[in-house]
Amino acid sequence: MYKFITAILVLIMSFSSIAHDEKDHSNKDREAIIDIISSIKYGWENGDSLPFRRSFLDFDGARYIEGGGQNRGLDSLVNHHVVPEKDALAYLKLDFSEVEIHFEGEDKSFAWAIADTSVKGKVNKNGRTFDKTGFQTFLFRKIDDMWKVVHTHSSSRNKK
């Protein structure tokens, strides 16, 4: 009877450690994705292309939807949107909140996140300010144990 109870306890301990590892793995992936989203926020606010170059998968067919338009490829997003906006705006304040992250597939190598967004800024040319709210969607693929953004879509309107 002692051996039977010991075997059961060993099995329970094994399963709980597997479950714990899976939870840690999931938390590690969630933290990595949150870090990427935070770096993207920094990149937009500072006109810095580096977070995009580090975190986005640059591939043929990539599309990034911002402000009702689209950028085909990472160079288009960075060179026609991120970097020029820094010079065009006196300031840009971007916030992502209520971030939900979902993992897909047997190997959990695909993830998507949706966030509430708030974007405020001031245009240098005419002094016009804007204050918008909306949503941002990010699609991620895990490649060589690193999460990469493969698509984004942002939609916002004037704050009510």
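Residues numbered from 1 in each chain as written. Predicted model: local features only at pLDDT ≥ 70, side-chain atom pairs only at ≥ 80, totals over all residues. Heavy atoms only, no water.

*Asks:* Which residues make up the confidence of the model for the chain, and what are the values?
*Replies:* Any segment with low pLDDT has predicted coordinates that should not be analysed in fine detail. Per-residue pLDDT for the chain averages 87, and the proportion of residues at 70 or more is 84%. Contacts from residues 2-23, a stretch scored under 50 in pLDDT, to residues over four places away or in other chains number 0 contacts. (pLDDT = per-residue confidence, 0-100. Contact = heavy atoms within 4.5 Å.)

*Asks:* Can you tell me about unusual backbone geometry, naming the residues and giving the values?
*Replies:* Most peptide bonds take the trans form, and the phi angle of most residues other than glycine is negative. Look at Glu-98: it is not a glycine, yet its phi comes out positive at around 50°. Considering the arrangement of structural elements, one finds Glu-98 in strand E3 (residues 89-104). A positive phi angle, close to 55°, is found at Lys-108, a residue other than glycine. Mapped onto the elements, Lys-108 comes out in the loop between E3 and strand E4 (110-123). You can call Lys-108 partly exposed: its relative accessible area is 34%. (Helix = DSSP H or I, 4+ residues; strand = E, 2+ residues; numbered from the N terminus. Buried < 20%, exposed > 50% of the residue type's maximum accessible area, 1.4 Å probe, protein only.)

*Asks:* Can you explain the packing of aromatic side chains? Please cite residues and give values.
*Replies:* What the rule picks out here adds up to 6 aromatic pairs. Their ring planes at 85° and their centres at 5.5 Å tell us that Trp-44 and Phe-52 sit as a pair that is edge-to-face. Each member of the pair, Trp-44 together with Phe-52, is buried. Taken together, a centroid distance of 5.6 Å and an interplanar angle of 75° make the contact between Phe-96 and Phe-138 edge-to-face. Taken together, the positions of Phe-96 in strand E3 and Phe-138 in strand E5 (residues 129-143) put the pair 42 residues apart, joining distant regions of the chain. The class for Phe-138 is buried, based on a relative accessible area of 1%. One aromatic cluster is present, built from ring pairs that chain together Trp-44, Phe-52, Phe-56 and Tyr-64. (Phe/Tyr/Trp six-rings, centres within 6.5 Å; stacked < 30°, edge-to-face > 60°.)

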